Amino acid sequence: MDFKKNPRTTFKAVNKMTLKEARAEVEALREGVEYHNYLYYVKVQPAISDAVFDKLFRRLQELEEAFPELESPTSPTRKVGAPPLDRLTKVKHTSPMLSLNSALGEAEAEEFDRFIRRNTGTDAIAYVLEPKFDGFSVEVVYRNGVFEYGATRGDGETGEDISENLKTIRPLLLRLQEPKAEKLPGFLAVRGEVIMSKKAFQKLNKERVERGEAPFANPRNAAAGIMRQLDSKKVADKPLDIFFYEILKVEGMEFETHWQELQKFPQWGLKTDAHNSRCSSFTEIKAYREKLAAGREDFDYEIDGVVIKLDDLRLRERLGTRERSPRWAFAWKFPPKKEVTTLEDIVVQVGRTGMLTPVALLEPVDVGGVTVSRATLHNEDEVRKKDVRPGDKVRVARAGDVIPEVVERIDEPGRRRGKEFSMPKKCPVCGTEVMREGAYYFCPAGLSCPAQLIGHILHYACRNALNIEGLGDQIARQMVEREMVKDVADLYTLTVADILDLEGFAEKSAQNLYQAIQSAKQARLDRFVYALGIRHVGEHVARLLAEEFRSLDRLTRASREDMEKIHGIGTEIAQSVESFFAQEENRRVLEKIVRAGVRVEDMPVRREGLILKGKTFVFTGELENYTREKAKEIVESLGGRASSSVSGATDYVVAGRNPGSKLEEAKKRGVAVIDEAEFSKIIGQKKR
Ligand code: IVH
């Protein structure tokens, strides 16, 4: 039974299996699942489709549930998290987790090189160069190739057991791969860094702020905060990654160089960084650091320097450790991406949707090679929490490509401080009274607010809206600043001469933009509705509205109640749409758009059809956009059936937030589990 190559996906019924058969299959499945995890996450070369992988995974879950005696704490099924802990217990490291001597300057790095040459008595030195990950350092222990536990660094001697959390990290194998013709070490303790990619970090922070939670200051804090959580299920859904870079202790195997170790890691399935390199001179070290520093922003994750390590392990031992750092390694850091500067003022910026965001105006400061003069403060609560006021000294950070952020206030005892910040009552740009929604404030003036106008124009013109090619940021800004465009309707009356008047245009390019605007006069209703940039109306909602009301005229006259009848549209959206069309200013602009010759095409009448005929759905957990009742109603209106329990007849289990035992049941039975987004797709795309 082998699930590594061409795994089979049809299985014998669980209730017809003996324990012996089940054990053999479980073991083969674990090996197979782990192997495919390894191909997918470590080698980044998957050999099977996600669907096949899911089938193997589900089969493994099914067998483990049917035969509890076969359960194992290191089964790959544990990647979804375990019951929450009361507290983290302490563990002593197999060998101390040291820190690194480090410096920014070239002189210190060169001194390290000289020190090594002097004290090893040889000039034939090989170094290994590695990126210095700015993440969360951990120890991971494998016994006979099986994950035993993992720990935080703690004080270097003793850390906290975070095994359950570590187990959920996808690229971390719970069973190592066995290289060809070679046994796995009986004991292996490795050191690595848990990291979160910049992209994942931005997304996570955005979600946190939207939920009214405090954003993490940087990816490292995010990784650290998540890894020290007590509930591993909450860790399992976070996109964390891990890189390994040192052996803390190994038994039953010998290495002569660090480079050999690094070559072995991926063979075992331990992920290493592709930038690791070997060299023998300081000139090469310098070139490596420069290259890494120059490409720093292109890294998907945060690095804050280069680690230079002596390659020869016997020489390492001879040099030993001083205080808490080995003499054989050195971190040549990059300039910090955090600097102290003065907060000159807090202004309020108005975004496309009218959202008011407090922004810190800073005395310009170089942060990691980029001059920073503005930084986001997220929202009023954040300003309060950080308690920053004009005149304060603040620490500013640039976490990756993220917008610069004020991290903290530097306390200056005795200095008289400025006034506490509060959100303005009126839109700082157009003077309209602002409205509040939870932690957020926004200007309801819509298309007539100049600050929102630039954003609106860009949105109006973007690919998925009216697709006016060539209408970019700088151009929109100029149009608004020169008051050539006071609302999106004005775009249509621009002449070639007007456009030619803007900076950066020649006859041909002006002609092109003019043409692009004119061709956008023909617009499909759903795209047009999306283009209007109504709060809460994304592409999907725009399509639902367009399909329901079919003409712009009918849509503008629709009541909130009419809209709420549409599946997938709740009170908040309906209210937003209704109030948008109720505003006189918006009506005026719409009329102007139509008068300018824009023809909004009516939506074709939907084809009726019971697309879910014969399909049975079961819902578990909370859905965001539908009540349970509404979801059932939709399924039924499409010819399907909604049932309250999972059975052999169930086609889909829709799992929302905090799903219940039905999810387990579904997995056990191998029923397809889909999330809310997929459910929306099924009912939305093929609606009625
Ligand atoms: S080696 C004894 N290699 O930097 C040497 N550390 O200040 C142990 N770090 O907390 C460390 N990338 O978490 C090493 N490629 C790398 C590293 C690295 C990041 C971290 C490590 C440690 C800190 C040292």
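See the structure printed just above.
Residues numbered from 1 in each chain as written. Predicted model: local features only at pLDDT ≥ 70, side-chain atom pairs only at ≥ 80, totals over all residues. Heavy atoms only, no water.

Counting secondary structure elements, the protein contains 24 helices and 26 strands. Expressed as lengths along the three principal axes of its C-alpha atoms, the size of the protein is roughly 85 × 75 × 55 Å. Within the protein, residue pairs in contact and separated by at least 24 positions form 70% of the contacts whose partners lie at least 6 positions apart. Total accessible area computed for the protein in this model is approximately 32,900 Å², and 47% of it derives from carbon and sulfur atoms. Here the protein contributes 112 positively and 110 negatively charged side chains, and the mean placements of these two sets differ by 3 Å. (Helix = DSSP H or I, 4+ residues; strand = E, 2+ residues; numbered from the N terminus. Contact = heavy atoms within 4.5 Å. Areas by Shrake-Rupley, 256 points an atom, 1.4 Å probe, with all protein chains shown as cover. Lys, Arg positive; Asp, Glu negative; His and termini not counted. Charge placed at Lys NZ, Arg CZ, Asp CG, Glu CD.)

Those residues of helix H6 (residues 219-227) that sit buried are Pro-219, Ala-222, Ala-223, Ala-224, Ile-226 and Met-227. The elements touched by buried residues of H6 are strand S4 (136-143), helix H4 (163-167), strand S7 (187-196), helix H5 (198-210), helix H7 (232-236) and strand S8 (240-251). (Buried < 20%, exposed > 50% of the residue type's maximum accessible area, 1.4 Å probe, protein only.)

Below, the discussion takes up the site of the ligand. Among the 15 residues in the neighbourhood of the ligand, the closest are listed as Glu-130, Phe-133, Glu-193, Tyr-245 and Lys-309. For the ligand, a nitrogen atom lies 2.8 Å from a polar atom in the side chain of Glu-130. Between an oxygen atom of the ligand and a side-chain N or O atom of Glu-193, the distance comes to 2.7 Å. Within the complex, the protein chains bury 89% of what would otherwise be the 530 Å² of accessible surface of the ligand. Breaking the shell around the ligand down by element, the ones donating at least two residues are strand S3 (127-133), S7, S8 and strand S10 (303-310). Grouping the amino acids of the shell around the ligand by side-chain chemistry returns eight nonpolar, one polar and six charged. (Near = heavy atom within 4 Å. Polar contact = N/O pair within 3.5 Å; in protein donor to acceptor, adjacent residues only side chain to side chain. Nonpolar A, V, L, I, M, F, W, Y, C, P; charged D, E, K, R; others polar.)

Counting buried positions along S7 yields ten of ten residues, so the element is predominantly enclosed. Alternating positions in S7 separate into two faces, Phe-187, Ala-189, Arg-191, Glu-193 and Ile-195 on one and Leu-188, Val-190, Gly-192, Val-194 and Met-196 on the other, with burial throughout. Inspection of the sheet shows S4 paired to S7 by eight bridges, in the antiparallel sense. Among the inter-strand pairings, Glu-139 is bridged to a residue of S7, identified as Arg-191. With ten bridges connecting them, S7 and S8 associate as antiparallel partners. Opposite Met-196, over in S8, you have Leu-240 as the bridge partner. (Pairing = 2+ DSSP bridges.)

This brings us to the pattern of salt bridges. A full pass over the atoms with the stated rule returns 53 salt bridges. Two residues, Glu-503 and Arg-482, come together in a salt bridge whose shortest N-O distance is 4.0 Å. In this pair, Glu-503 sits in the loop between helix H14 (496-500) and helix H15 (507-519) while Arg-482 sits in the loop between helix H13 (473-481) and H14, placing the two residues 21 residues apart along the sequence. Note on Glu-503: relative accessible area 59%, which makes it exposed. Close ionic contact of Asp-490 with Lys-592 constitutes a salt bridge, the shortest N to O distance being 2.7 Å. With Asp-490 in the loop between H13 and H14 and Lys-592 in helix H21 (residues 584-595), the pair connects residues that are 102 residues apart, well separated along the chain. (Salt bridge = Lys/Arg side-chain N within 4 Å of Asp/Glu carboxyl O.)

Moving on, we get to the side chain of Ser-197. By the element assignment, Ser-197 lies in the loop between S7 and H5. Within the local environment of Ser-197, its side chain forms a polar contact with the backbone nitrogen of Ala-200, the two atoms lying 3.0 Å apart. Residues contacting Ser-197, with those up to four places away along its chain left out, are Asp-300 and Tyr-301.

One open sheet holds the five strands; their spatial order is S2-S13-S10-S3-S9, and the pairing between them is mixed. Of all strands in the sheet, those bounded by a partner on one side alone are strand S2 (102-103) and strand S9 (277-279). Bridge count for S3 against S10 is seven bridges, and the pairing is antiparallel. Along S10, the bridge assignment pairs Val-128 with Lys-309. Packed on one face of the sheet, helix H3 (residues 106-120) meets S2, S3, S10 and strand S13 (329-333) and runs near 165 degrees to S13. (Axes fitted to C-alpha atoms, helices over the stretch in contact; angles between N-to-C directions.)

The next thing to look at is the packing of helix H2 (residues 50-66) against helix H23 (residues 661-669). For the pair H2 and H23, the least separation of the axes is 7 Å and the interaxial angle reads 105 degrees. Of the possible angle classes, the one that applies to H2 and H23 is roughly perpendicular. Taking contact as the criterion, the partners of Arg-58, Gln-61, Glu-62 and Glu-65 in H2 are, on H23, Glu-664, Lys-667, Lys-668 and Arg-669. Among the residues making up the contact of H2 with H23, the classes are represented as no nonpolar, one polar and seven charged. (Parallel < 35°, antiparallel > 145°, perpendicular 65-115°, else oblique.)

This next bit is on helix H17 (residues 539-549). Every α-helical turn comprises 3.6 residues, leaving residues that sit three or four positions apart pointing alike. The set of residues buried in H17 consists of Val-541, Ala-542, Leu-544, Leu-545, Ala-546, Glu-547 and Phe-549. For H17, the elements touching its buried residues are helix H16 (525-531), helix H18 (552-557), helix H19 (560-564) and helix H20 (571-582). A positive backbone phi angle near 65 degrees is found at Arg-550, which sits one or two residues after H17.

With that settled, consider the packing of aromatic side chains. Note on aromatic pairs: each is described by the distance of the centres and the angle between the planes. Within the structure shown, the criterion is met by 23 aromatic pairs. Both rings, one in Tyr-40 and one in Tyr-41, keep their centres 4.7 Å apart while their planes meet at 65 degrees; by these two values the pair is edge-to-face. With a relative accessible area of 26%, Tyr-41 lands in the partly exposed category. With centroids separated by 5.7 Å and ring planes inclined at 20 degrees, the aromatic side chains of Phe-282 and Trp-332 adopt a geometry described as stacked. You can see Phe-282 sitting in helix H9 (residues 282-294) and its partner Trp-332 sitting in strand S13, a full 50 residues away along the chain. Assigned by exposure class, Phe-282 and Trp-332 land together as buried. Members of the aromatic cluster, each reached through a chain of ring pairs, are Phe-133, Phe-243, Tyr-245, Phe-299 and Tyr-301. For Arg-316, the ring lying beneath its charged end belongs to Trp-328, and the centroid distance is 3.8 Å. Sitting over the ring of Phe-442, Arg-535 keeps its end group 3.8 Å from the ring centre. (Phe/Tyr/Trp six-rings, centres within 6.5 Å; stacked < 30°, edge-to-face > 60°. Lys NZ or Arg CZ within 6 Å of the ring centre and 35° of its normal.)

Strand order in the open sheet formed by four strands is S24-S23-S25-S26, and the pairing between neighbours is parallel. Edge positions in the sheet fall to strand S24 (641-643) and strand S26 (672-674), since each of these pairs with one other strand and no more. The average undirected angle you get between the axes of adjacent strands in this sheet is 30 degrees. Pairing analysis gives three bridges linking strand S23 (residues 616-620) to S24, with the strands arranged parallel. When the bridges of S24 are listed, Val-618 appears paired with Ser-643. Relative to the sheet, H23 contacts S23, strand S25 (652-655) and S26, its axis offset from that of S23 by approximately 135 degrees.

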